[in-house]
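# Survey of secondary and tertiary structure
Now for the letters of each chain:
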Amino acid sequence: MMNQNVKEAIEISMRDKRELDLKESISKLEGLPSLSSNDDRETFLSMIGSMIHDLRMEFLNTFNNDVPIKGLTEVPKNSLSSLFEIWRIQNDIDREFKERFDSEVQKIWIHKFQ
């Protein structure tokens, strides 16, 4: 079993990383072009949909390596239970941030493309 302080340090560090990833992705989403009167609506929205899909995949597959994960040095390297706890923490955080990303996409889509 992992020490509770170590577990909390890992979770906080992972959240900090995902927060930075989310801010970067939102910035990219906000930078997408808006629909103009010269654009063919269907073609434009298809292009934007592809761009958003690419940004979403990038967000889901990126983990900001500039922020160190505190507490990992305290985890025994050969402890399967500790590795499982780290995986569970990561999975929960990724699920939360995926939902936040999708919510931001929806807000930006409504604001820029409808």
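What counts, and where the lines are drawn
Residues numbered from 1 in each chain as written. Predicted model: local features only at pLDDT ≥ 70, side-chain atom pairs only at ≥ 80, totals over all residues. Heavy atoms only, no water. Helix = DSSP H or I, 4+ residues; strand = E, 2+ residues; numbered from the N terminus. Rg over C-alpha atoms; globule rule 2.2 N^0.38 Å. Buried < 20%, exposed > 50% of the residue type's maximum accessible area, 1.4 Å probe, protein only. Contact = heavy atoms within 4.5 Å. Axes fitted to C-alpha atoms, helices over the stretch in contact; angles between N-to-C directions. Parallel < 35°, antiparallel > 145°, perpendicular 65-115°, else oblique. Left-handed = near helix turned anticlockwise from the far one by under 90°.

On to the overall build of the protein, then. Counting its secondary structure elements, the protein contains three helices and zero strands. What you see in the protein, going N to C, is helices and strands ordered as α-α-α. A compact globule built from 114 residues should have a C-alpha radius of gyration of about 13 Å, whereas the protein, at 18 Å, is more than 25% larger. Principal axes of the C-alpha set define a box for the protein whose edges measure 60 × 20 × 20 Å. A total of 114 residues make up the protein; the buried ones form 32% of that total. Across the protein, every contact between residues at least 6 apart in sequence was considered, and the portion connecting residues at least 24 apart equals 87%.

Relative to each other, helix 1 (residues 4–30) and helix 3 (residues 80–113) sit at 20°, their axes nearing to 10 Å. Classified by the interaxial angle, the pair formed by helix 1 and helix 3 is roughly parallel. Pair helix 1 / helix 3 crosses with right-handed handedness.

Let us now look at the environment of arginine 56. Structurally, arginine 56 is set in helix 2 (residues 41–61). Judged by relative accessible area, which is 23%, arginine 56 ranks as partly exposed. Considered as a pair, arginine 56 and lysine 77 are 21 residues apart in the sequence and their alpha carbons are 32 Å apart. If we skip the residues at most four places from it in the chain, arginine 56 touches Lys98, Phe101 and Asp102.

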